[in-house]
Amino acid sequence: IKKEELESDELDEYIGDQLIKDFAADALKAIRQGALFSFYKDVPEQDVTIIHNVIQDAFLTHKLSLKNMIEEVTKRTSLDPERARMILRTESTNLANMSRKVGWEKMEQQRDETFSYKWSVKHDHRTSPQCLDIEAQVGEGKTMTEIQDIIQKVAEQYIPGWNAQLVPHPNCRSTIVRVV
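Bear in mind that the values here come from a model prediction, so they are computed numbers and not experimental data.

**Q** Help me understand the confidence of the model for the protein, please; the structure alone is not making it clear to me.
**A** Low pLDDT marks stretches whose predicted atomic positions should not be read closely. The predicted model of the protein has a mean per-residue pLDDT of 85, with 87% of residues at 70 or higher. When mean pLDDT is compared element by element in the protein, helix H8 (residues 129–138) scores highest at 97, while helix H1 (residues 3–6) scores lowest at 43. Segment residues 1–8 is flagged for pLDDT under 50; beyond a separation of four residues in sequence, or across chains, it makes 4 contacts in the model.

Right, dumping it as C-alpha cells:
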C-alpha cells in the first residue's frame, strides 16, 4: 500500500460542509470578484489559468478533493505535486473563506444585523505562528472587516507584500467561522 493511499484527503472536511454547498453560487461570485490569486511565483500564466479552472470546477461540482485537484493540475501543467499541493491548499482555503464571506455578508444585509466571527485554527504540529497571532487578536469574535484587517496586518508582519485576502500565508488551514 502506497503512502498516498493511507492518507486521508486534506479537504475531506469541506466535502460535507453544508455551508460550502449552500454557498456554491457565492464561491463562483467570489471567483468573479477576484478571490483567486492572480499569480504564483515562477508559475507560467497559462498554468495559472489551468489551476483556476481546476479549482472552479471542483467548487462547481462540489468535488473538493485535494488529491484529485493535484492530479489534474500536475497532469495539465508543469507543476510538481508538492508545488501543486501548496497552491491548491492555499487557494481552497481562501476560496472557502471568501465564499463564506460573500454569503454571510448577504445574510447580514437581509437581516439588517452585523454578525460576529472568529478565527478557527487547527492546533497541531503544522499550526503557523501567523494563525496563532490572528486567533489571539480576534478572540471570541470580531466583525468581518476587523478580522480581514487583522489577517492582513499579521500577514504583512511575517511576509511583507503578501496580499492576504483571507489567508495569512501559503498552506494555511485556518478558517473564519461565524459566532452564533
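**Q** So what exactly am I meant to see when it comes to the pairing of strand E1 (residues 116–120) here?
**A** Within a regular beta strand, the side chains point alternately toward one face of the sheet and then the other, so they alternate between its two faces. Covered by surrounding structure in E1 are Tyr117 and Trp119 only, the residues Ser116, Lys118 and Ser120 on the alternate face being uncovered. Direction of pairing for E1 relative to strand E2 (residues 175–179): antiparallel, over a ladder of 5 bridges. Bridge assignment links Lys118 to a residue of E2, and that residue is Val177.

**Q** Help me understand the packing of helix H6 (residues 66–76) against helix H7 (residues 81–111), please; the structure alone is not making it clear to me.
**A** Describing two packed helices takes the angle between their axes plus the distance from one axis to the other. Where H6 meets H7, the closest approach of the two axes is 9 Å, and the angle between their N-to-C directions is 125°. Of the possible angle classes, the one that applies to H6 and H7 is oblique. The interaxial crossing formed by H6 with H7 has right-handed handedness. For the pair H6 and H7, the contacting residues are Leu66, Met69, Ile70, Val73 and Thr74 in the first and Pro81, Ala84, Arg85, Leu88, Arg89 and Ser92 in the second. Class assignment for the residues of the contact of H6 with H7 results in 7 nonpolar, 2 polar and 2 charged.

**Q** Even after reading the chapter, I still don't get the pattern of salt bridges, so can you show me in this structure?
**A** When charged atoms on two side chains of opposite charge get close, those side chains can pair. Evaluation of the coordinates by the stated rule reveals 6 salt bridges. Taking the shortest distance from any N to any O, the salt bridge between Lys101 and Glu105 comes out at 3.3 Å. A residue pair is termed a helical-turn pair when its members lie 3 or 4 positions apart in one helix, as Lys101 and Glu105 do in helix H7 at 4 residues. Lys101 sits in the buried class, given a relative accessible area of 14%. The network of salt bridges with shared partners includes Glu72, Lys75 and Arg76.

About the thresholds
- Residues numbered from 1 in each chain as written.
- Predicted model: local features only at pLDDT ≥ 70, side-chain atom pairs only at ≥ 80, totals over all residues.
- Heavy atoms only, no water.
- pLDDT = per-residue confidence, 0-100.
- Helix = DSSP H or I, 4+ residues; strand = E, 2+ residues; numbered from the N terminus.
- Contact = heavy atoms within 4.5 Å.
- Buried < 20%, exposed > 50% of the residue type's maximum accessible area, 1.4 Å probe, protein only.
- Pairing = 2+ DSSP bridges.
- Axes fitted to C-alpha atoms, helices over the stretch in contact; angles between N-to-C directions.
- Parallel < 35°, antiparallel > 145°, perpendicular 65-115°, else oblique.
- Left-handed = near helix turned anticlockwise from the far one by under 90°.
- Nonpolar A, V, L, I, M, F, W, Y, C, P; charged D, E, K, R; others polar.
- Salt bridge = Lys/Arg side-chain N within 4 Å of Asp/Glu carboxyl O.

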